[in-house]
Each structure stands twice: as structure tokens, then as C-alpha cells.
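Examination of the molecular architecture
Residues per chain are reported as follows:
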Amino acid sequence: DLNIAANITPSEEFDEIARKKEWTTEYSAGISYALAHNRFSIGIELKGDLKENGHAAGPALSYRGINTWVALGAVYGLNKSAKDIQSQIIIGFEF
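Heads up: these notes are all about the structure in this document. (Residues numbered from 1 in each chain as written. Predicted model: local features only at pLDDT ≥ 70, side-chain atom pairs only at ≥ 80, totals over all residues. Heavy atoms only, no water.)

What follows deals with the pattern of salt bridges. Within the structure shown, the criterion is met by three salt bridges. Residue lysine 51 pairs with glutamate 22 through a salt bridge whose shortest N-O separation is 3.2 Å. Of this pair, lysine 51 sits in the loop between strand E3 (40-49) and strand E4 (54-64) while glutamate 22 sits in strand E2 (residues 20-35), placing them 29 residues apart in sequence. (Salt bridge = Lys/Arg side-chain N within 4 Å of Asp/Glu carboxyl O. Helix = DSSP H or I, 4+ residues; strand = E, 2+ residues; numbered from the N terminus.)

Printed below as a string of C-alpha cells:
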């Protein structure tokens, strides 16, 4: 199975000292393909900040058990505005 997902996340930050609001807009997207009876998936993730023009991409792996799933990924900065490397692990429980 092929899975494609995308999110856009606008957020407002308020600087109390400067008394001003600032908006940021981040995005994330990914594409993955399920293997081994949908237990494992391999894919690519993209993420970035549209205001700062920082963009990153990298591989993602996931495992789905009966009531548990685990996703592991790392993204690497594609330009100077992005962080060099970011990694994450997400663990989910279904109940």
C-alpha cells in the first residue's frame, strides 16, 4: 500500500517584551510504502519552515504491531536555513 500525507501548520507567537505578534508556517509531508503484510513501512519525509525558508528531507521507517506502532525518522537540512540533522521516534498505543 502507498501512503501520501501532508500537513501545513500555521502558528502565532507573541513576544511580550516587544509586544508584537509573529506568524510562522511550517509544513511536513511524506510518502511511504507498506511491506510484509503492512507490518513494516519505508518512506521519505520532508519538513520545513516557509517563513525562514528552511527545508529538510530524509528516510523514515515504521513498524505496526497489533496494538502498537513505532515510527523512526531522520531529516537532513537541504539549505543553510535548516538545521543540519533532526531525528525523531514516535511510539503509539491503540486502545
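There's plenty left to go through after this.
The next thing to look at is the pairing of strand E1 (residues 2-15). Two strands pair when backbone bridges link them, and E1 and E2 are joined in this way by 14 bridges, in the antiparallel orientation. Following the sheet pairing, glutamate 12 is matched in E2 by tryptophan 23. Taking the residues between adjacent antiparallel strands as the criterion, E1 and E2 are bridged by four residues, where arginine 19 takes a positive phi near 55°. (Pairing = 2+ DSSP bridges.)

Reported here for the largest pocket is a volume of approximately 870 Å³. In terms of lining residues, the largest pocket is bounded by 38 residues, among which Asn3, Ser32, Glu45, Ser62 and Ala71 are the most central. Mapped onto the lining of the largest pocket, the elements with two or more residues apiece are E1, E2, E3, E4, strand E5 (68-77) and strand E6 (85-93). Broken down by element, the lining of the largest pocket gets its largest block of residues, eight residues, from E3. Each residue belonging to the lining of the largest pocket can be placed in one class, and the counts come to 20 nonpolar, 13 polar and five charged. Taken together, 16 residues make up the lining of the second largest pocket; nearest its centre are Glu26, Lys47, Gly48, Asp49 and Gln86. (1 Å grid on protein atoms, 1.4 Å probe; cavity = no way out; pocket = protein on both sides within 12 Å on 5 of 7 lines; lining within 4 Å. Points joined across faces, edges and corners; volume = space filled by probe spheres on them. Nonpolar A, V, L, I, M, F, W, Y, C, P; charged D, E, K, R; others polar.)

What follows covers the sheet that holds E3. Read across the open sheet, the six strands follow the order E1-E2-E3-E4-E5-E6; overall the sheet is antiparallel. In this open sheet, the two strands that pair with only one neighbour each are E1 and E6. Taken over all neighbouring pairs, the strand axes of this sheet differ in orientation by 20° on average, direction set aside. (Axes fitted to C-alpha atoms, helices over the stretch in contact; angles between N-to-C directions.)

Okay, the side chain of histidine 55 next. Locating histidine 55 in the fold gives a position in strand E4. Filtering out sequence-adjacent residues up to four positions away, histidine 55 remains in contact with Tyr27, Lys47, Gly48, Asp49, Leu50, Tyr76, Gly77, Leu78, Asn79 and Ala82. (Contact = heavy atoms within 4.5 Å.)

Counted according to the given criterion, the structure contains one aromatic pair. Where phenylalanine 40 meets tyrosine 63, the ring centres are 5.1 Å apart and the plane angle is 55°; that geometry is what we call tilted. Of this pair, phenylalanine 40 sits in strand E3 while tyrosine 63 sits in strand E4; the two residues are 23 residues apart in sequence, bridging distant segments of the chain. The class of phenylalanine 40 is partly exposed, set by a relative accessible area of 43%. (Phe/Tyr/Trp six-rings, centres within 6.5 Å; stacked < 30°, edge-to-face > 60°. Buried < 20%, exposed > 50% of the residue type's maximum accessible area, 1.4 Å probe, protein only.)

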